[in-house]
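Next come the chains, spelled out residue by residue.
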Amino acid sequence: DHPVTIRLTSLDYVYTWGLPAKGAEQIAVPGMRFEVALPPLSVGRWTYEGSPFCGGEHSRLAGAFDLLPVADFPTVVAAAAATREPLVGRAVRRE
C-alpha cells in the first residue's frame, strides 16, 4: 500500500469528487487544478462519486479507477497507445 495523489479539474461546472471508502473529498472548479492526497490504497478497483453538494444530477456522478502495480504500467500505456484509448480512470501504484 502506498499513498496516491489524484489530480482534478473541471471543464464546465463546479463538482465535488469523493472516495467514500477512504473518507476523501475534494472540489473541482473550471480552469483550476486541485489535488487529493489519499492515504495508502491497495492494488485493485476503487469507486468514486460526485457529492450531493453539487446539486441536481451531479450527485449521481460515479465511476471507478484501477490502481495497478507499477510493473503493469508500461503494458497499459502501450495498449492504450495501440488502440488510441485515453488513460482516463487509470492510476499507478508506486513501489
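Reading the values: rules and limits
- Residues numbered from 1 in each chain as written.
- Predicted model: local features only at pLDDT ≥ 70, side-chain atom pairs only at ≥ 80, totals over all residues.
- Heavy atoms only, no water.
- pLDDT = per-residue confidence, 0-100.
- Helix = DSSP H or I, 4+ residues; strand = E, 2+ residues; numbered from the N terminus.
- Contact = heavy atoms within 4.5 Å.
- Buried < 20%, exposed > 50% of the residue type's maximum accessible area, 1.4 Å probe, protein only.
- Pairing = 2+ DSSP bridges.
- Salt bridge = Lys/Arg side-chain N within 4 Å of Asp/Glu carboxyl O.
- Core = buried A, V, L, I, M, F, W, Y, C linked by side-chain atoms within 4.5 Å.

1. Examining the confidence of the model for the chain
Interpreting fine coordinate detail is not advised for predicted regions of low pLDDT. Across the chain, the average pLDDT comes to 77, with 77% of residues at 70 or higher. Per-element confidence in the chain ranges from a low mean pLDDT of 42 for strand β7 (residues 90–93) to a high of 87 for strand β3 (residues 24–28). Segment residues 90–95: pLDDT under 50, and 26 contacts once partners within four positions in sequence are set aside and those in other chains are kept.

2. Overview of the environment of Leu41
Tracing the sequence through the fold places Leu41 in strand β4 (residues 34–41). You can call Leu41 buried: its relative accessible area is 1%. A sequence separation of 38 residues divides Leu41 from Pro3, and the C-alpha atoms of the two residues are 6.5 Å apart.

3. Considerations on the pairing of β3
Here 5 bridges tie strand β2 (residues 15–19) to β3, and the two strands are oriented antiparallel to one another. Bridging from a neighbouring strand, Thr16 pairs with Ile27 of β3.

4. Looking at the pattern of salt bridges
Per the stated rule, a full pass over the model turns up 2 salt bridges. The partner of Arg45 in a salt bridge is Asp66, with the nearest N and O atoms 2.7 Å apart. Placement of the pair is Arg45 in strand β5 (residues 44–50) and Asp66 in strand β6 (residues 62–69), with a sequence separation of 21 residues.

5. Comments concerning the pairing of β2
Two faces, one strand: in a regular strand the side chains alternate between the faces of the sheet. Burial within β2 is extensive, with 5 of its 5 residues counted as buried. Burial along β2 is two-sided: the residues Tyr15, Trp17 and Leu19 and Thr16 and Gly18 are all buried. Hairpin connection from β2 to β3: 4 residues lie between these consecutive antiparallel strands, with Gly23 at a positive phi of about 65°.

6. A look at the side chain of Ser10
Looking at where Ser10 falls in the secondary structure, it is placed in the loop between β1 (2–8) and β2. Owing to a relative accessible area of 6%, Ser10 belongs among the buried residues under this scheme. Once you skip the residues sitting within four places of it in the chain, Ser10 turns out to touch Tyr15, Ala28, Val29, Pro30 and Gly31.

7. Structural notes on the nonpolar core
Of all hydrophobic cores here, the largest spans 14 residues; its most connected members are Ile6, Trp17, Leu19, Val36, Leu38, Leu41 and Phe65. Where this core is concerned, the elements lending two or more residues are β1, β2, β3, β4 and β6. Filtering out sequence-adjacent residues up to four positions away, Ile6 remains in contact with Trp17, Phe34, Glu35, Val36, Leu38 and Phe65.

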